[in-house]
Amino acid sequence: MFIAVEGIDGSGKSTTIKELKRFLEAKGEAVYLTAEPTSLATGRIVRNFLGETNSDTPLIHEMLALSFAADRINHLREEIWPALRKKQTVITDRYFFSSIAYQSLNVSYEWVKGINRFATLPDVLVFVDVKVDKAVERLTKFRDSTELYEKKELLQQIDRNYREVIKEFEDKLKVVYLDGNLEISEIYGDIEKKFAPLFAGKK
Ligand code: ADP
Ligand code: TYD
């Protein structure tokens, strides 16, 4: 099974993924956890663009979008496809839905979708659905530096873009909405409830 987890910055995605991994392992799945941007050489290029410390070089948004796509091809070849061939359950923290939601702030939605057409569709898209105010509150509370997209007005637009891209893909894959507003201790229960239909019939 191939699962992509998406959500705006501060949605609690990483925390949710830890709980999802624990849940899937309890179901007997061999979980392969991975993320974009990757820790491969291509991921380092992307991260260089994202840190605001680099602001002396003007950011070309098409170049950033292509770098995310290049990192994604590398990710599929080096990590995701091999793990799926080994029958592992792959969870990726962000995938091409991130590119569409974030890069289409600055470049055309259709163009971003086009340069990501190579990306295998996941079986399940998990969207960590959080109130933008709550995400911003977490980001200001827990982080001492801000990245490119970590601003309220941008996150509001990214949230709208996510809903648009999800609507577009909703009939092509299974979409699971997890509640990102919950307390950490409540997340596991939400996962159990929403993933139960996917395991119905399995032990
Ligand atoms: P993301 O990966 O979406 O940026 P994280 O999971 O890293 O988010 O969470 C950002 C911060 O918010 C972390 O410091 C984390 O401990 C805190 N946090 C995450 N989820 C919750 C939650 N459900 N309730 C309260 N705080 C949370
Ligand atoms: P990430 O490391 O997941 O940040 P966080 O832990 O804060 O969620 O991602 C870094 C940033 O990169 C995040 O702001 C989202 C952005 N991003 C894109 O703009 N496009 C993409 O295709 C991906 C994968 C990430």
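Structure: above.
As a starting point, this report considers the structure included with it.

Thresholds applied
Residues numbered from 1 in each chain as written. Chains lettered and ligands numbered in written order. Predicted model: local features only at pLDDT ≥ 70, side-chain atom pairs only at ≥ 80, totals over all residues. Heavy atoms only, no water. Helix = DSSP H or I, 4+ residues; strand = E, 2+ residues; numbered from the N terminus. Rg over C-alpha atoms; globule rule 2.2 N^0.38 Å. Buried < 20%, exposed > 50% of the residue type's maximum accessible area, 1.4 Å probe, protein only. Contact = heavy atoms within 4.5 Å. 1 Å grid on protein atoms, 1.4 Å probe; cavity = no way out; pocket = protein on both sides within 12 Å on 5 of 7 lines; lining within 4 Å. Points joined across faces, edges and corners; volume = space filled by probe spheres on them. Nonpolar A, V, L, I, M, F, W, Y, C, P; charged D, E, K, R; others polar.

### Digging into the overall build of the protein
Here is step 1: Looking only at helices and strands, the protein features 8 helices and 5 strands.
Here is step 2: Its helices and strands taken in sequence order, the protein reads β-α-β-α-α-β-α-α-β-α-α-β-α from the N to the C terminus.
Here is step 3: Taken over the C-alpha trace, the protein has a radius of gyration of 17 Å; the compact-globule value for 203 residues is 17 Å, and the two agree within 12%.
Here is step 4: C-alpha atoms of the protein, sized along the principal axes, occupy 55 × 35 × 30 Å.
Here is step 5: Within the protein, the fraction of its 203 residues that count as buried is 48%.

### Re the side chain of asparagine 161
Here is step 1: The topology assignment puts asparagine 161 in helix H7 (residues 152-169).
Here is step 2: On the basis of relative accessibility, which here comes to 6%, the residue asparagine 161 falls in the buried class.
Here is step 3: Ignoring any residue separated from it by four or fewer positions in sequence, one finds asparagine 161 in contact with Ala101, Ser104 and Leu105.

### Quick look at the layout of surface pockets
Here is step 1: Approximately 910 Å³ is the volume found for the largest pocket.
Here is step 2: Residue lining of the largest pocket: 41 residues in total, with Asp9, Gly10, Lys13, Ser14 and Arg143 positioned closest to the centre.
Here is step 3: Where the lining of the largest pocket is concerned, the elements lending two or more residues are helix H1 (13-26), helix H2 (41-50), helix H3 (61-85), helix H4 (96-103), helix H6 (132-142) and helix H8 (184-199).
Here is step 4: The greatest single-element share of the lining of the largest pocket, amounting to 6 residues, is contributed by H6.
Here is step 5: Of the residues belonging to the lining of the largest pocket, the class tally is 14 nonpolar, 11 polar and 16 charged.

Remember, this is a structural readout, not a statement about activity or role.
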